[in-house]
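Understanding the architecture of this molecule
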Amino acid sequence: MIKIKNLEASIDDKTILKGIDLEIPAGEVHVIMGRNGSGKSTLANVIAGNEAYEVDGGSIAMNDTDITEMSIENRALEGIFLCFQYPVAIPGVGMAYFLRSALNAHRKHQGKDEMDALEFLNNAKAILSELGLDDSFLKRSINDGFSGGEKKKSEILQLLTINPKLAVLDETDSGLDVDALRTVAKGVNKFKNENNSVLIITHYQRLLNYIKPDVVHLMIDGKIVKSGDMSLVEKVEKDGYSWLEK
Amino acid sequence: MIDSIKKNSLEFFNANGLPSKKLENWKFTSSKNFKNFNKSSSKAEKQKIESDELSIVFINGVLDIDSLENFKFSDLLEVKNLNEIDNEELLHCSANFLNESMFNLGVSEFENGNYLSFKKNSVIEEVISIKNYFFENGENERVSSFNIFHINKGSEISIIEEDIKENYSIFNLKLNKFICENSSILKYGKSFNDDSQTHSLSYNYYQIEKDVVLSVDSMVKSSFFNKEFIEVDLNKVGSDAKINILNLGKQEQHLDNNILINHNAEHCTSFQHVRNILDNKSKAVFNGKVIVSKGAQQTDSNQSNKNLLLSLESNAFSNPQLEIYADDVSCGHGSTTGALDENSIFYLRARGIDYSSAQKILIKAFAKEVIDDFSLSSLQDISEIALDSWIDG
């Protein structure tokens, strides 16, 4: 699915990623944990193509296609989906219009016909119902006036509507109460299957109580320093990260 | 009476000349192009315009009386030539306008101005269309007009005004007075959406009485130079004035709004919302002022000016002002100027929407926030279509 080799990236001449190697095969859920400032969100943004970051070395490939120099939108069309840590509010752009525009951009890229408004609405309403959101959600402007929980649910609504190949969840669990966390986890579990992959970036174990990861990576100072199973999460919860520096 | 007013106005203009940048409302506006225009001659042959039952037609600023034959509500409308008016108070506009040399030039030059009065309790649900046709009499003409609209007690009138110039480039110097009597509703929309290179300078004075609901909405897309003065006198209790304006500027267009709302009575509300979207070397000016008089307690007023700059060479000058002389009021004002938000563009692109489409979505969103506040849905529709073509153009 995605293969990242020796990735180096910087922002404002400050090097953040110092040689990331990561491979997530189809059907797997991987987790990256690390201290604040270790480069987790930078990695998520660089995978999504955020032009604020400079790729200084290495490569990113999706299904054997090198996307390192690819535009943001083309990466998205190739199947990368970033669940934003801080989704922006865009007053004046309705959720329904936005979702349908995004979905149809993907369908066009896949050589499919645009989805008509009725079919789109029926699909969207079914997803909304599963996320415990009212249909009126579609009439609101993108993330405008949304609570923290609604913003994260909005990201999951987009994830399930677009149905990408790789979902990168950048601290999607931050700021969520238990009910919202369960709803988000339910959405991610509904999304994942043997043909797609999930990369979860988080500080805490609590989301992983609902989404079981296949591999856990620990990141320190721009590098993945250890990979393993769920026991690594328990070790971090208990001992923090300092043991990795010894 | 009108002759003596015109004579005085000409003397004022001759004494003061074209406005200079030393004047506050002209600080960012050049009047040098005004010299290129001469007073229109009235020698052209009268054009026959086919009008529909909801239209009132003006030709080169003068009411086309023939258009009223088809007008569905002509029995609710009283029309007089301003020459027949001997009531000085009726002809009087704001004192601020009287100190404007271009207003005085317009007064001195207009011919055959009209007084259009909607009778008491005229409730018209349909939207009346005022169509201003302009036909060329000669090169570089200045067409001056002065008309008074009187909305009598209990009347409810909706109007959309549009200019039709057929690529004829003129200097349109337009003076209007609106009188809204007690318990009347006036929804006045303007669409300047042709592709002419017009110079347009307008002075609109609204005299508002008790319990009036006034909304003034406009969308300006194409004039080369468009400067509009709006002055609203809220003279009696319980009235509400809303002004929503969208300006779309490209090339070297100059788009300019000067709004003064005088809260002269208590328990009135006013709202100004002006948005400018500026590309290329276009320029926008906003001079907005609210004056709350000493006795105008319980005033609720807000003014907002937001400018979206699409190029490094576009400019917006914003000057929102409040003068408050009462102590129990709620007044707010604000102004923002900036480019499209890069984080929002990234967010849309991260969902597969290309850069150009993302920009268009955000421009439309910025405009829609004021279009959605237009009180007339038909003006909303006109504006959205015009906006689409402006973005794609």
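Residues numbered from 1 in each chain as written. Chains lettered and ligands numbered in written order. Predicted model: local features only at pLDDT ≥ 70, side-chain atom pairs only at ≥ 80, totals over all residues.

1. Looking at the overall build of chain B
Selection rule: In this text, helices come from DSSP runs of H or I with a minimum length of four residues, and strands from runs of E with a minimum of two, each type numbered from the N-terminal end. Residue burial here comes from a neighbour count, namely the number of other C-beta atoms, placed from the backbone, that lie within 10 Å of the residue's own C-beta, with 20 or more meaning buried, 12 or fewer meaning exposed, and in between meaning partly exposed.
For chain B, the helix and strand inventory stands at eight helices and 20 strands. Taking the principal axes of its C-alpha atoms as reference, chain B extends roughly 65 × 55 × 45 Å. Relative to its 393 residues, chain B shows a buried fraction of 47%.

2. Comments concerning the nonpolar core
What counts is decided by this rule: By definition, a nonpolar core groups buried Ala, Val, Leu, Ile, Met, Phe, Trp, Tyr and Cys residues that are joined through C-beta atoms within 7 Å. Boundaries of every domain are those given by an automatic assignment or by a domain database. In this description, a residue-residue contact is defined by the distance between C-beta atoms placed from the backbone, which must lie within 7 Å.
Ranked by size, the top nonpolar core spans 159 residues in total, and within it Phe-81, Leu-82, Val-168, Leu-169 and Leu-199 of chain A together with Cys-180 of chain B carry the most contacts. Element by element, the count of residues in this core is highest for helix α7 (residues 355-371) of chain B, at nine residues. Both domain 1 (2-340) and domain 2 (341-393) of chain B contribute no fewer than three residues apiece to this core. In contact with Leu-82 of chain A, not counting residues within four places along its chain, are Ala-44, Ala-48, Val-168 and Asp-170 of chain A together with Ala-350 of chain B.

3. Concerning the pairing of strand β4 (residues 54-62) of chain A
Residues and elements named next belong to chain A. Using the following cut-off: When DSSP finds two or more bridges between a pair of strands, those strands are recorded as paired.
Taken together, the seven bridges between strand β1 (residues 2-11) and β4 define a ladder with antiparallel strand orientation. In the sheet register, Ala-9 faces β4, and the bridge partner there is Val-55. Direction of pairing for β4 relative to strand β5 (residues 65-66): antiparallel, over a ladder of two bridges. Across the sheet, the residue bridging to Ala-61 is Asp-66, located in β5.

4. Some points on helix α8 (residues 377-392) of chain B
All names here are of chain B. Here is the rule we go by: Expected span, for any helix, means 1.5 Å times one less than how many residues it has. The arc in question is the one traced by the directions running from the helix axis out to the C-beta atoms.
Compared with an ideal rise of 1.5 Å per residue, which puts 16 residues at 22 Å, α8 spans 23 Å between its outermost C-alpha atoms and is within 8% of the ideal. Those residues of α8 that fall on the buried side of the exposure criterion are Leu-379, Ser-383, Ala-386, Leu-387 and Trp-390. The arc that holds the buried residues of α8, viewed along the axis, is 110°, so those residues lie on one side. Residues of α8 that are exposed and angled more than 90 degrees away from the buried face: Ser-377, Asp-381, Ile-385, Asp-388 and Asp-392.

5. Notes on the domain arrangement of chain B
Residues and elements named next belong to chain B. Definition in use: Residues are sorted three ways: Asp, Glu, Lys and Arg are charged, Ala, Val, Leu, Ile, Met, Phe, Trp, Tyr, Cys and Pro are nonpolar, and all the rest, Gly among them, are polar.
The domains assigned to chain B are domain 1 (2-340) and domain 2 (341-393). For domain 1 and domain 2, the distance between their C-alpha centres works out to 27 Å. Each partner contributes to the interface: domain 1 provides 20 residues, whereas domain 2 provides 20 residues. Where the side of domain 1 that touches domain 2 is concerned, the elements lending two or more residues are β8 (156-164), β10 (185-192), β12 (213-220), β14 (240-249) and β16 (269-278). Per-element tally for the side of domain 1 that touches domain 2: the top contributor is β14, with four residues. Residues of the side of domain 1 that touches domain 2, tallied by class, amount to eight nonpolar, seven polar and five charged.

6. So, the interface of chain B and chain A
Taken residue by residue, the interface counts 17 residues in chain B and 20 residues in chain A. Elements that contribute at least two residues to the side of chain B that touches chain A include exactly α6 (342-349) and α7 of chain B. Taken together, the residues of the side of chain B that touches chain A break down into nine nonpolar, three polar and five charged.

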